[in-house]
Amino acid sequence: MTPQSIPVHSPAVPAHETFTDAKAAVDRLEELYTIATTYLCDQFRRALRKGPDGHRIRAFYPEIRITTTSFAQVDSRLSFGHVAEPGVHAATITRPDLFRHYLEQQIALLLSNHKVGVMVGVSSTPIPVHFAVAVRTDMTVPQDGAADFTLRDIFDVPDLSTTNDDIVNGTAGPDENGVGHLAPFTAQRVDYSLARLSHYTATDPEHFQNHVLFTNYQFYVTEFEAYARAMLADEKSGYISFVSTGNVEISDAETPIAPVDKQPQMPTYHLKRADGSGITLVNIGVGPSNAKTATDHIAVLRPHAWIMVGHCAGLRNSQSLGDFVLAHAYLREDHVLDDDLPVWVPIPALAEVQTSLEEAVANVTKLSGYELKRVMRTGTVATIDNRNWELREHTGPVQRLSQSRAIALDMESATIAANGYRFRVPYGTLLCVSDKPLHGELKLPGMASDFYKTQVARHLLIGIRAMERLREMPLERLHSRKLRSFDETAFL
């Protein structure tokens, strides 16, 4: 018997139904997802215990779709919440429990803008068994050959044809039935990143907050925990808990957190608010590859902003160690995104983020106007993929840096900004000068330790203050139209 001729067993599910209430629509999405994943997990346990019984096991992601027949005008100030043209648009959905607030928000906008209902039912995309058991702490999928049967003969496994960035990269047209895309990611692409986030950060996706700070040094983590404890001690702060490596969560400022034996690749910490509007700090380490990896996966959570607060090389003799650099342009020589976002694509500065960062610097330093220029410069940040660029012949690199008017150089900022642009996540960069290699001030151990002691706390606080300003900004203002193309998904 060929695999194609083996009978397929699937769970019984409710029929497709049209909804005019966003909450009810998400309730149905969650019901369908729960039915599907419970069935897959139960059948998987049975197969491991008793072996296959002559049929394939398959369950499907839930789907939401909207059909419009009019070019009716919507509020042109809004960059999301509506489809670009009449037709059928659909999205497969995973983890509706995790994305409930987001889904209710986006569906409500569709209902309001188009005055038609949305249909919810099962899709034609199978749920890979790996993703179905991912949220079950008592279950794992054994590696190939470890079970007494071939896994893919019985269950569906991840499919790269639906686990890619074609939608956000603008290369995915309508499907073979002419159905357009309603969301920036497919369900399988989201599930893939949720699994990767747990692996790289050692914290579960549900802890991530809507405002994400990236840094390239562990020193910021200590300061972030100290700030988090101060906020937990303040009943008026609005923060409810702090999550550390291994999903250790504390709600009391005095609760100790034991050190971990082995740090994950990208240690991540979350200062949480009840509505998810808190702050997540990710120590991505050094290099554009890590920066791309982190943002590739965090993007599926649809954060409201991410900002890089790391160290950089100052390129101007007038700069001093500890000065701040607010990036308003990027020289991209990191190379890791060239295939997804060509280097000729401009990465614009976002006024909303830039203003928040500048106001935060003024707030923390107590400087303003012309005096602020003493400690902060605005200009181009160059990002490269060679940590030891200083050891190469200088004529070429230095000439390019000079022609670009770059004032600072690092290995992550342009990658984070470019991926923010690609994924439609508002982005920004505020760096701190830690060395001046072109002017004889290299980052040496003694200098570095003094620098870290005096500057890290202030720099991190500026990033936090900027995020707190962005949190108060209306969503329709923060998610700027400059991040959206002329043929966009309705979902943010």
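The structure this text deals with has already been given above.
Residues numbered from 1 in each chain as written. Predicted model: local features only at pLDDT ≥ 70, side-chain atom pairs only at ≥ 80, totals over all residues. Heavy atoms only, no water.

> So what exactly am I meant to see when it comes to the pairing of strand 17 (residues 406–410) here?
As a general feature of sheets, a regular strand has side chains that alternate between the two faces. Counting buried positions along strand 17 gives five out of five residues, so the element sits mostly inside the fold. As paired elements, strand 14 (residues 311–314) and strand 17 share two bridges and run antiparallel to each other. Along strand 17, the bridge assignment pairs Gly314 with Ala408. Looking at chain direction, strand 16 (residues 376–384) and strand 17 are connected through four bridges and run parallel. The partner of Ala382 across the bridge, within strand 17, is Leu409. (Buried < 20%, exposed > 50% of the residue type's maximum accessible area, 1.4 Å probe, protein only. Helix = DSSP H or I, 4+ residues; strand = E, 2+ residues; numbered from the N terminus. Pairing = 2+ DSSP bridges.)

> It is not clear to me how the side chain of Gln354 should be interpreted in this structure. Could you clarify?
Assignment of secondary structure puts Gln354 in helix 8 (residues 351–365). A polar contact of 2.9 Å, which involves the side chain of Gln354, links it to the backbone oxygen of Ala327. Apart from the residues lying within four places of it in its own chain, the contact partners of Gln354 are Leu326, Ala327, His328 and Ala349. (Polar contact = N/O pair within 3.5 Å; in protein donor to acceptor, adjacent residues only side chain to side chain. Contact = heavy atoms within 4.5 Å.)

> I'm lost on the packing of aromatic side chains in this one. Help?
Geometry of an aromatic ring pair is reported as the spacing of the ring centres plus the angle between the planes. On inspection of all chains with the given rule, the structure shows eight aromatic pairs. With 5.6 Å between their ring centres and 75° between their planes, Phe44 and Phe155 make a pair best called edge-to-face. One end of the pair, Phe44, is in helix 1 (residues 22–50); the other, Phe155, is in the loop between helix 4 (151–154) and strand 7 (180–181), and 111 residues separate them in sequence. The pair Phe44 / Phe155 is uniform in exposure class, with both members buried. Taken together, the ring pairs in this structure connect Phe99, Tyr102 and Phe491 into an aromatic cluster. Geometry around Tyr239 places Arg273 over its ring, the cationic atom sitting 5.5 Å from the centre. (Phe/Tyr/Trp six-rings, centres within 6.5 Å; stacked < 30°, edge-to-face > 60°. Lys NZ or Arg CZ within 6 Å of the ring centre and 35° of its normal.)

> Looking at this model, I keep getting lost on helix 8. Mind explaining?
Because the α-helix completes a turn every 3.6 residues, residues three or four places apart line up on one side. For helix 8, built from 15 residues, the straight-helix expectation of 21 Å at 1.5 Å per residue is met to within 8% by its first-to-last C-alpha distance of 21 Å. Buried within helix 8 are the following residues: Glu352, Val353, Gln354, Ser356, Leu357, Ala360, Val361, Val364 and Thr365. Phi for Lys366, located one or two positions after helix 8, is positive at around 65°. (Expected span 1.5 Å × (residues − 1).)

> How should the sheet that holds strand 6 (residues 118–126) be read in this particular structure?
By definition, the strands of a sheet pair up through backbone hydrogen bonds, in either a parallel or an antiparallel sense. Read from one edge to the other, the open sheet built from five strands follows the order 2-6-4-5-7, with strand pairing classed as mixed. A strand with exactly one partner marks an edge of an open sheet, and here the two such strands are strand 2 (17–19) and strand 7. In this sheet, strand 6 lies alongside strand 2 in antiparallel orientation, the contact comprising three bridges. By the bridge assignment for strand 6, Phe19 is matched with Val118. Packing of helix 2 (residues 100–114) onto the sheet brings it into contact with strand 2, strand 4 (60–68) and strand 6, and relative to strand 4 it is tilted by some 20°. The sheet strands contacting helix 5 (residues 187–201) are strand 4, strand 5 (87–92) and strand 6, and the helix crosses strand 4 at an angle near 135°. (Axes fitted to C-alpha atoms, helices over the stretch in contact; angles between N-to-C directions.)

> Could you clarify how one ought to interpret unusual backbone geometry in this entry?
Residues other than glycine predominantly adopt negative phi, and peptide bonds predominantly adopt the trans conformation. At Arg95, a residue that is not glycine, the phi angle is positive and equals roughly 45°. In this fold, Arg95 is placed in the loop between strand 5 and helix 2. Residues other than glycine seldom take positive phi values, yet Asn247 does so here, at roughly 65°. Locating Asn247 in the fold gives a position in the loop between strand 9 (239–244) and strand 10 (248–250). Judged by its relative accessible area of 27%, Asn247 is partly exposed.

> Where do I start with the nonpolar core in this structure?
When a protein is soluble and globular, its nonpolar side chains tend to lie buried together. Counting residues in each nonpolar core, the largest one holds 111 residues, and the members touching the most others are Ile107, Phe214, Trp306 and Phe491. Core analysis: the second largest hydrophobic core is formed by 19 residues, Ala36, Leu40, Tyr61 and Leu151 among them. (Core = buried A, V, L, I, M, F, W, Y, C linked by side-chain atoms within 4.5 Å.)

> What should I look at first to understand the environment of Gly117 in this one?
Turning to its location among the elements, Gly117 is positioned in the loop between helix 2 and strand 6. Take Gly117: its relative accessible area is 22%, and that puts it in the partly exposed class. Excluding residues that lie within four positions of it along the chain, Gly117 makes contacts with Thr18, Phe19, Thr20, Ile66 and Leu111.

> So what exactly am I meant to see when it comes to the packing of helix 5 against helix 7 (residues 288–298) here?
A pair of packed helices is characterised by two quantities: the angle between their axes and the separation of those axes. Between helix 5 and helix 7, whose axes approach to 8 Å, the crossing angle comes to 130°. Viewed along their axes, helix 5 and helix 7 adopt a mutual orientation that is oblique. Note on packing geometry: the crossing formed by helix 5 with helix 7 is left-handed. For the pair helix 5 and helix 7, the contacting residues are Arg189, Tyr192, Ser193, Arg196, Leu197 and Tyr200 in the first and Thr293, Asp296, His297 and Ile298 in the second. Looking at the contact of helix 5 with helix 7 residue by residue, the classes come out as four nonpolar, three polar and three charged. (Parallel < 35°, antiparallel > 145°, perpendicular 65-115°, else oblique. Left-handed = near helix turned anticlockwise from the far one by under 90°. Nonpolar A, V, L, I, M, F, W, Y, C, P; charged D, E, K, R; others polar.)

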